[in-house]
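Working through the structure, step by step
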Amino acid sequence: MSAIKWLIGFCAVFTLLLVGSTGVIAQTQPIKVEVELNDNYFNPKEITIPQGKPFVLVLKNNGVKEHTFTVEKLKIDYEIKPKQMKIVTVEPKMSGTYELICRYHSKEGMTGQVIVK
């Protein structure tokens with residue numbers, strides 16, 4: 001009977017360690033979001049980023065024109081060629097709502113918002 005109790009206790013501790021370590025790993029992984037840049041729009045138009053934590057942006061230009069992912073006040077500015085993808089990590093320090101634009105096509109309505117909180 002004591003061997004069964006020992007085995008149950010061992011399995012319980014092992015499970016707690018496994019679940020606990022997975023939780024720690026998940027907390028240290030950067031959050032990731034994909035943003036589609038297409039001819040004259042962003043999808044999604046609004047992105048929320050945590051303040052002071054690494055955040056991975058997967059920028060995919062599905063259009064036929066070159067586009068930028070530009071948030072001037074956060075000093076974020078990436079050019080993405082047609083049919084290309086760029087993966088970047090940002091870590092904004094200031095909370096707030098910021099204008100997202102394509103420097104080449106903002107007058108055509110290629111704008112959005114980045115919210116840092």
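Heads up: the structure comes first, above all this text.
Structure report, in brief.

Cut-offs used in this document
- Residues numbered from 1 in each chain as written.
- Predicted model: local features only at pLDDT ≥ 70, side-chain atom pairs only at ≥ 80, totals over all residues.
- Heavy atoms only, no water.
- Helix = DSSP H or I, 4+ residues; strand = E, 2+ residues; numbered from the N terminus.
- Buried < 20%, exposed > 50% of the residue type's maximum accessible area, 1.4 Å probe, protein only.
- Contact = heavy atoms within 4.5 Å.
- Pairing = 2+ DSSP bridges.
- Axes fitted to C-alpha atoms, helices over the stretch in contact; angles between N-to-C directions.
- Salt bridge = Lys/Arg side-chain N within 4 Å of Asp/Glu carboxyl O.

Quick look at the environment of Ile49 now. Mapped onto the secondary structure, Ile49 falls in strand β3 (residues 46–49). With relative accessibility at 2%, the residue Ile49 sits in the buried group. For the pair Ile49 and Lys117, spaced 68 residues apart in the sequence, the C-alpha separation amounts to 6.5 Å. Beyond its immediate stretch of four places on either side in the chain, Ile49 contacts Phe55, Val90, Pro92, Val114, Ile115, Val116 and Lys117.

We now examine the sheet that holds strand β2 (residues 41–43). Consider a sheet: its strands pair through backbone hydrogen bonds, and that pairing is either parallel or antiparallel. Read across the open sheet, the 4 strands follow the order β2-β1-β4-β7; overall the sheet is mixed. Looking at which strands have only one partner, the edges of the open sheet turn out to be β2 and β7 (85–90). This sheet shows a mean twist of 25 degrees between the axes of neighbouring strands, independent of strand direction.

Here we come to the pattern of salt bridges. In total, this model carries 5 salt bridges according to the counting rule given. Across the pair Arg103 and Glu79 runs a salt bridge whose closest N-O atoms are separated by 3.1 Å. Here Arg103, found in the loop between β8 (96–101) and β9 (111–116), pairs with Glu79, found in strand β6 (residues 76–80); they are 24 residues apart in sequence, far enough to count as distant. By relative accessible area, Arg103 is classed as partly exposed at 36%. Judged by relative accessible area, Glu79 falls into the partly exposed class, the value being 37%. Residues participating in the shared-partner salt-bridge network are Asp77, Glu79 and Arg103.

These results come straight from atomic positions and should not be treated as a statement about function.
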